[in-house]
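# Structural overview
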Amino acid sequence: MQKRHFLTATLLGAALLAGLPAQAQSVDAKAVVQHYATLVHANYSDVLTSAQTLQKAITAFAAAPSAQGLEDAKKAWLAAREFYGQTEVFRFYSGPIDDDNGPEGRINAWPLDESYIDSVTSKPKAGLVNNPKVKITKANLAKLNERGGEENIAAGWHAIEFSLWGQDQSDTGPGSRSFEDFVDGKAANADRRRAYLVTATELLIDDLSFLVKAWTPGAKNYRARFEQGGIQSVRKMIVGMGSLSRGELAGERLEVAMNTQDKEDEHSCFSDNTHRDVVTNAQGIENVWLGSYKRLDGSTLQGASLKDLVAAKNAGLADKVSKQIAQSVANATAIQAPFDREIVGAKDAPGRIRVQKTIDSLVQQSKDITEAAAALGITKLAQAK
């Protein structure tokens, strides 16, 4: 969760949530809502499974730090991020992840101040890791997350990422933390660094497990209420797509970085995985639109979709939205690594052109999504900027 940009990211969402259409949608809307719930549960379940693989790698590394063990943990982090990035479209409508009590701020908060967690080049004794007065427990990391500042991040994907890669001080690659930072006698507070990495991962597992439970079928949970929500739940699906398209992905994740040309404003700056973050976010939007999701086991989940619902009202519009969303995914895929080099240079630099094409496509996509909502009788929408 990027609280500093939350208002921008949810302007469209707030407008979409204003007012109901006079007539309820057809029974097809119920099928679309139910399949969406199935897709959300499947995606979060795959994130949890891949994060548990990450946890195993980190536990093994902490027990016996080695160069190979650190590499294995990094690979597991990257693999798990592929699935988490696709879930970002399930945000922005006060669902389980980001309602008033949701765990999003402990899961994916960024950007973070590295020195809040551990030592950095200019501050060798900085951070929670190097403060023996700070107890490293899940409860304490949750309590300390964003305490005293929105960049004081103590938990989540990016805290773990920083622990594994260290600061990114290279123009051509990611951070290059040595495994010896975790070896007693080789680095100060190596035992606390190991404990922090293990504990932060445990907290992430807990928060992901909470989301899986919230969307589990056949339970008295958020999913049960969502499936009975009718057109309001269709509206929430569109809020997630529109808010991620414009306010969050095009705006806070791409435009801000393009304007500052600063690697501190890229999403996964320590691992140089930002280019994949952009793709998976765009893919998540397409998943919801098409009612399709490729699972961790390689199978494909397919069912009633928003596209189907819109096509019943306006087939040409549904096709237009599909093509625009596919174009956004294609443009995102064309962005090259490392992202922090794509955003640097003059306006006509090849990397900046690639990123700008993605921004432009996402902006148009958000307008098309607004038009699709209107076709379903969901009115009073704010014009996406």
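Preceding this paragraph is the structure being described.
The notes below deal with the structure included here. Per chain, residue numbering runs from 1 following the sequence as it is written. For this predicted model, a pLDDT threshold of at least 70 governs which residues receive local features, and a threshold of 80 or more governs which side-chain atom pairs are given and counted, while totals over whole chains, interfaces and linings are taken from all residues. The side-chain quantities take in all heavy atoms of the structure and omit both hydrogens and water.

## Some thoughts on the packing of helix α11 (residues 274–290) against helix α13 (residues 315–334)
Orientation is described by lines fitted to C-alpha atoms, with helices fitted over the stretch in contact, and by angles between N-to-C directions that extend from 0 to 180 degrees. The secondary structure listing takes helices from DSSP runs of H or I that are at least 4 residues long and strands from runs of E that are at least 2 residues long, numbered from the N terminus. The contact between α11 and α13 brings their axes to 8 Å, and the two run at 160°. In this view, α11 runs roughly antiparallel relative to α13, as classed from their interaxial angle. The two elements α11 and α13 cross, and the hand of that crossing is left-handed. Between α11 and α13, the contacting residues are V278, V279, A282, Q283, I285, E286, W289 and L290 on the first element and A318, V321, S322, I325, A326, S328, V329, A332 and T333 on the second. A per-class count over the contact of α11 with α13 returns 12 nonpolar, 4 polar and 1 charged. Any angle that is under 35 degrees is reported as roughly parallel, and any over 145 degrees as roughly antiparallel; angles of 65 to 115 degrees are reported as roughly perpendicular and all others as oblique. Crossings are classed by handedness, with left-handed meaning an anticlockwise turn of the near helix from the far one by less than a right angle and right-handed meaning a clockwise turn. Whether two residues touch is decided by their heavy atoms; if any such pair falls within 4.5 Å, the residues are in contact. Note on residue categories: nonpolar means Ala, Val, Leu, Ile, Met, Phe, Trp, Tyr, Cys or Pro, charged means Asp, Glu, Lys or Arg, and polar means any other residue, Gly included.

## Structural notes on the pattern of salt bridges
Basic side-chain nitrogens of Lys or Arg form a salt bridge, by our definition, when they fall within 4 Å of a carboxyl oxygen of Asp or Glu. A complete count under the given rule lists 24 salt bridges for this structure. Between E88 and R91 there is a salt bridge, with its nearest N and O atoms 3.4 Å apart. In terms of burial, E88 and R91 fall into one category: buried. The residue D118 makes a salt bridge to R193 at a minimum N-O spacing of 2.6 Å. Buried means the residue's accessible area, taken with a 1.4 Å probe over protein chains only, is under 20% of the maximum for its type, while exposed means over 50%, and partly exposed covers the values in between.

## Section: the side chain of N281
For N281, the location among the structural elements is in helix α11. Setting aside residues up to four positions removed in sequence, N281 forms contacts with G85, E88, L244, L249 and R253.

## Things to note about the nonpolar core
Nonpolar core, defined: a set of buried Ala, Val, Leu, Ile, Met, Phe, Trp, Tyr and Cys residues in which side-chain atoms within 4.5 Å join the residues together. W157, W215, V234 and L306 are the most contacted members of the largest nonpolar core, which totals 105 residues. Looking at this core element by element, the count peaks at 16 residues for helix α2 (residues 28–63). Once residues lying within four places of it in the same chain are set aside, the contact partners of V234 are A29, V33, L306, L309, L376 and I378.

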